[in-house]
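In case you want the letters, here they are:
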Amino acid sequence: MAIHPPQSRVWWNEPVAKGELVWIAIAFVWGLIMFFMMIYWHYYGKQNLSSEVGRVDLAVYEQKVIDFTDAYTVREEGDTGVPVVKPPVGGDAYMLARTFEWWPILELEKGKTYRLHLSSVDLQHGFSLQPTNINIQVHPGLEHVVTVTPTEVGSFGVICNEYCGLGHHVMTGRIYVVEPGQGG
Ligand code: CUA
């Protein structure tokens, strides 16, 4: 087809072949279906976070996370010394992003609901909870509050999914989920 130059120099005036029109129509209709599926899955797919977002000053947010950590730290993580914080059941839990870590580590109870606050104190970072389908962009100055109810016990990694600098690939965090009444 396109191996040889077009026979007629005014090739753009040629009628569109029927087969091609059919394919254009199919692609267009499929595109519309995919578009409306986005709206459908918003309500029925259970894949949208219940997140609220508000403005916050960087220093104010950092202080909130420090206060939270001071109040509820239960231990330190292995050789890294990162505090592991166990928020009150049903309460607020805080994590902050900064180059290049998510801090502190949280310990939540399975089946309990928490208000998880997320923000950055420097650059744009990402909060991608492994191995779940949760992935959000985290901007400095914007505080996300996500209502979460962990359904599985385990150790969940957090990775940064927004390129943020030389240490981006090592920027991680962790959330532990334990049986109710355990851990600490
Ligand atoms: Cu933080 Cu990439």
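Residues numbered from 1 in each chain as written. Predicted model: local features only at pLDDT ≥ 70, side-chain atom pairs only at ≥ 80, totals over all residues. Heavy atoms only, no water.

Trainee: In this structure, what is going on with the side chain of E143? I would like to understand it.
Mentor: The residue E143 is located in strand β10 (residues 142-148) in this model. For E143, the side chain forms a polar contact with the side chain of K64, separated by 3.1 Å. Looking at E143, its side chain comes within polar contact range of the side chain of H117, at 2.7 Å. (Helix = DSSP H or I, 4+ residues; strand = E, 2+ residues; numbered from the N terminus. Polar contact = N/O pair within 3.5 Å; in protein donor to acceptor, adjacent residues only side chain to side chain.)

Trainee: Explain the domain arrangement of the protein to me, please; I cannot follow it from the model alone.
Mentor: Where interface size is given, it is often the accessible area lost as the parts come together that is meant. Per the domain assignment, the segments of the protein are domain 1 (15-44) and domain 2 (51-178). Taking only C-alpha atoms into account, the centre of domain 1 sits 39 Å from that of domain 2. (Domains from an automatic or database assignment.)

Trainee: Just checking my understanding: could you explain the pairing of strand β9 (residues 134-138) for this structure?
Mentor: Regular strands have side chains that alternate between both faces of the sheet. One ladder, built from five bridges, connects strand β8 (residues 125-130) with β9; its direction is antiparallel. From the neighbouring strand, H125 faces β9, where its bridge partner is V138. Here β8 folds back onto β9 in antiparallel fashion, the turn holding three residues. (Pairing = 2+ DSSP bridges.)

Trainee: Got a minute to help me understand unusual backbone geometry in this structure?
Mentor: As a rule of thumb, non-glycine residues mostly have phi less than zero, and peptide bonds are mostly trans rather than cis. Residues T99 and F100 are joined by a peptide bond in cis, for which omega reads 0 degrees. Cis geometry marks the peptide bond from Q130 to P131, where omega comes out at 0 degrees. Tracing the backbone through its elements, the reader meets P131 in the loop between β8 and β9.

Trainee: Honestly, the environment of E143 in this entry has me stumped. Any pointers?
Mentor: The exposure class of E143 is buried, given its relative accessible area of 8%. When the C-alpha atoms of E143 and S120 are compared, they prove to be 8.1 Å apart, with 23 residues separating the residues in sequence. (Buried < 20%, exposed > 50% of the residue type's maximum accessible area, 1.4 Å probe, protein only.)

Trainee: What is the right way to look at the pairing of strand β3 (residues 82-85) in this model?
Mentor: Judged by which residues are buried, β3 turns out to be covered on both faces: V82 and V84 on one side and P83 and V85 on the other are all buried. The sheet contact formed by strand β2 (residues 73-77) and β3 spans four bridges and is antiparallel. Looking across to β3, one finds that E76 is bridged to P83. What sits between β2 and β3 in their antiparallel hairpin is a turn of four residues, with G78 showing a positive phi close to 30 degrees. Two elements, β3 and strand β6 (residues 105-109), share two bridges in a ladder whose sense is parallel. The residue bridging V84 from the neighbouring strand is I105, located in β6.

Trainee: Even after reading the chapter, I still don't get helix α2 (residues 58-72), so can you show me in this structure?
Mentor: Since the α-helix packs 3.6 residues into each turn, any two residues three or four apart lie on the same face. Its 15 residues give α2 an end-to-end C-alpha distance of 21 Å, which sits within 8% of 21 Å, the value for a rise of 1.5 Å per residue. Those residues of α2 that fall on the buried side of the exposure criterion are Y61, V65, F68 and T69. Angular distribution of buried residues about the axis of α2 spans 100 degrees; they occupy a single face of the element. Pointing more than 90 degrees away from the buried face of α2 are the exposed residues D70 and A71. Between a side-chain oxygen at the N-terminus of α2 and the backbone nitrogen of A59 the separation is 3.1 Å; the capping residue is D57. (Expected span 1.5 Å × (residues − 1). Arc of directions from axis to C-beta.)

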